[in-house]
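Remarks on the overall topology
If you want the building blocks of each chain, they are given just below.
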Amino acid sequence: HGTQTVNEEGHLEIGGVDVTEIVAEYSTPTIVYDMALFERRAKGFVDTFEQLGVKAQVAYASKAFSNIALYQVAETLGLSLDVVSEGELYTAVRANFPAERIHFHGNNKSESELRYAFEVGIGCIVIDNFYEIDLLRKIATERNQKMNVLIRVTPGVEASTHDYITTGQEDSKFGFDLKNGQADRAFQQLKEDKHLQFLGMHCHIGSQIFEVDGFVHAAEALMQKMHTWQEEDHFICSVLNLGGGFGIRYTEEDAPEEPHVYVKAMTEAVMKLAEQYKYPMPAIWIEPGRSLVGDAGTTLYTVGSQKEVPNVRQYVAVDGGMTDNIRPALYDAKYEAVVANKMNAPKGTVVTIAGKCCESGDQLIQGARISAVENGDIIALFCTGAYTYAMASNYNRLAKPAVVFIKDGRHQLVARREKLEDLVRLDEALPQDWLEER
Ligand code: LLP
């Protein structure tokens, strides 16, 4: 993965930094990001559009990992940002991310969230439902402020080659149905709005998708709808947002395409239909999350206790678990790991790497083939850059891990480890008289 190497001492190095050095400085668990790899992934998307000669925006889906430092880097790489809450938007504002490059998503944005988006002067709001159209109209009229909008539609594409998180099917909580007239009604309500500037459509068919076809079919379905609006209403959409969802390789068993393959295939499908319909080529927007940060992240843990269940399995327990990576417990997600301070030792043993939470299901990897470990060894779990820290909890009152960026031999803390006092900062102690009452 990325810029990983093994040094003379048999230690894993990421971006030119010995991970034992990271552990000595920041302790464990710590999530490190190989920022050279993140940049390569971002450039891969941006360059693909440039080569195709298509106007585009690559919006980082920040739900995968929302953090001020990451937003700063995303900004310098020319990425846009997809946010889904006031909290993510606030984080972007705190990172001085240009508001006009931020898109706001969500199936239940509150009035105060939408007002905040207007105040900030966000670039685009992706409308999910009729309730939101009314809310936005009210706010925009009151403020007498224009706002770019897209509508999110469900194209009825069932992406089903893997157990991914599908969202494009008709029975979805997201978006307007493309086929039963909902999208048309939304379009009719918006096309001549004075404040809400209707740019076009958005769809997102799911996440961790390997097959190119689903993206192409979705792009074609949206283009067909745009063509009917062209013919019946003489309306031309300037933007087609095809979402994210490009799969990555967590383990040997995953076989995704290179990220640019998806982008190229769906863009070329749009170009072909645009030519056929004599439709001015819309700008293509995408929203990759996982494929930008997923494989750039590695979680470092320290081995503590071990337990043998004779003839069944060997448990190796680490100092984190479902609190810093819920994906194995929640989605049965698979990962690969190494003993980062013993990279040259033979990988003889098959173990279950377990977390430290009080739940049997708190297992990070079942059947991990690693070298023999003793307590104090460092386990590196790969491809943990997306939906790990972002979904972290304080279950069992475990502290959230530290996050460190690495680039060109340099490391930089971008989220400090939670301290004990952080864990009680929201608690309010009861007054004495409450305790004295019987
Ligand atoms: N755009 C929209 C509208 C989305 O809903 C999502 C992800 C993305 C873009 C980014 O998708 P990506 O490129 O990262 O696949 N927690 C789950 C993934 C949930 C994805 C939700 N939406 C996981 O850990 O696998």
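For clarity, every value in this text was computed on a predicted model and none was experimentally measured. (Residues numbered from 1 in each chain as written. Predicted model: local features only at pLDDT ≥ 70, side-chain atom pairs only at ≥ 80, totals over all residues.)

Moving on to the nonpolar core. Grouped together as the largest cluster of nonpolar side chains are 120 residues, with contacts concentrated most on Ile 379 and Ala 380. Ranked by residues supplied to this core, first place goes to helix H8 (residues 212–233) with eight residues. Two domains each donate at least three residues to this core, and these are domain 1 (4–33 + 294–423) and domain 2 (54–288). Residues within four places of Ala 380 in sequence aside, it is in contact with Leu 12, Val 19, Thr 298, Leu 300, Ala 337, Val 338 and Ala 340. (Core = buried A, V, L, I, M, F, W, Y, C linked by C-beta atoms within 7 Å. Buried ≥ 20, exposed ≤ 12 C-beta atoms within 10 Å, placed from the backbone. Helix = DSSP H or I, 4+ residues; strand = E, 2+ residues; numbered from the N terminus. Domains from an automatic or database assignment. Contact = placed C-beta atoms within 7 Å.)

Next up on the list: the pairing of strand E6 (residues 80–83). A regular strand places its side chains on the two faces of the sheet in alternate fashion. Of the two faces of E6, the one holding Ser 80 and Asp 82 and the one holding Leu 81 and Val 83 are both buried throughout. Here strand E5 (residues 56–61) pairs with E6 via three bridges, running parallel. What sits directly across from Ala 59, in E6, is Ser 80. Between E5 and its parallel partner E6, the chain crosses via helix H3 (residues 68–76), and the hand of that crossover is right-handed. Of the strand pairs in this sheet, E6 and strand E7 (residues 102–104) are connected by three bridges, and their pairing is parallel. (Pairing = 2+ DSSP bridges. Right-handed = clockwise from strand over helix to strand, strands pointing away.)

As annotated by UniProt and renumbered to match this structure, "active site" (unreviewed entry) occupies Cys 358. Take Cys 358: it is sitting in the loop between strand E19 (349–354) and strand E20 (363–370). (UniProt positions renumbered as here; feature names shortened; annotations may be inferred.)

It is worth spelling out the site of the ligand at this point. Not every one of the 23 residues close to the ligand is listed here, only the nearest: Ala 61, Ser 207, Gly 244, Gly 289 and Tyr 387. Put simply, the parts of the chain that give the shell around the ligand at least two residues each are helix H10 (290–293) and helix H11 (327–331). Each residue belonging to the shell around the ligand can be placed in one class, and the counts come to eight nonpolar, ten polar and five charged. Taken together, domain 1 (4–33 + 294–423) and domain 2 (54–288) each give at least three residues to the shell around the ligand, which thus spans both. (Near = placed C-beta within 6 Å. Nonpolar A, V, L, I, M, F, W, Y, C, P; charged D, E, K, R; others polar.)

Let's shift gears to the packing of helix H5 (residues 111–120) against helix H6 (residues 130–143). At a minimum axis distance of 10 Å, the contact between H5 and H6 shows a crossing angle of 45°. Considered as vectors, H5 and H6 are oriented oblique to each other. The handedness of the crossing between H5 and H6 comes out as right-handed. Contact residues: H5 offers Glu 111, Leu 114, Arg 115 and Phe 118, while H6 offers Leu 135, Leu 136, Ile 139 and Arg 143. Here the residues of the contact of H5 with H6 sort into five nonpolar, no polar and three charged. (Axes fitted to C-alpha atoms, helices over the stretch in contact; angles between N-to-C directions. Parallel < 35°, antiparallel > 145°, perpendicular 65-115°, else oblique. Left-handed = near helix turned anticlockwise from the far one by under 90°.)

Moving on: helix H2 (residues 35–52). Along its 18 residues, H2 runs 26 Å from first to last C-alpha, staying within 8% of the 26 Å computed at 1.5 Å per residue. Of the positions making up H2, those classed as buried are Met 35, Leu 37, Phe 38, Arg 41, Ala 42, Phe 45, Thr 48 and Phe 49. Following H2 by one or two positions, Gly 53 adopts a phi angle in the positive range, close to 70°. (Expected span 1.5 Å × (residues − 1).)

Entries for the protein chain in the domain assignment read domain 1 (4–33 + 294–423) and domain 2 (54–288). Taking the mean C-alpha position of each, domain 1 and domain 2 sit 34 Å from one another. Listed per partner, the contact involves 16 residues of domain 1 and nine residues of domain 2. When contributions to the side of domain 1 that touches domain 2 are tallied by element, the ones reaching two or more residues are strand E22 (402–407) and strand E23 (410–415). Counted by class, the side of domain 1 that touches domain 2 contains eleven nonpolar, two polar and three charged residues.

Further remarks concern the confidence of the model for the protein chain. On average, residues of the protein chain carry a pLDDT of 95, and 96% of them reach 70 or more. Interface predicted TM-score (ipTM) for the complex: 0.99; the corresponding pTM is 0.96. (pLDDT = per-residue confidence, 0-100.)

Moving on: unusual backbone geometry. Omega for the peptide link from Thr 28 to Pro 29 comes to -10°, which places this bond in the cis form. Within the secondary structure, Pro 29 sits in the loop between helix H1 (19–26) and strand E4 (30–34). Even without a glycine there, the phi angle at Asn 96 is positive, about 60°. Inspection of the secondary structure puts Asn 96 in the loop between helix H4 (86–94) and E7. Despite not being glycine, Tyr 387 shows a phi value in the positive range, around 60°.

Orientation of H4 relative to H5, taken along the N-to-C sense of each, is 20°, at an axis distance of 10 Å. The angle between the axes of H4 and H5 places the two elements in the roughly parallel class. For H4 against H5, the interelement crossing comes out left-handed. Two secondary-structure elements touch here, H4 through Glu 86, Leu 89 and Val 93 and H5 through Glu 113, Tyr 116, Ala 117 and Val 120.

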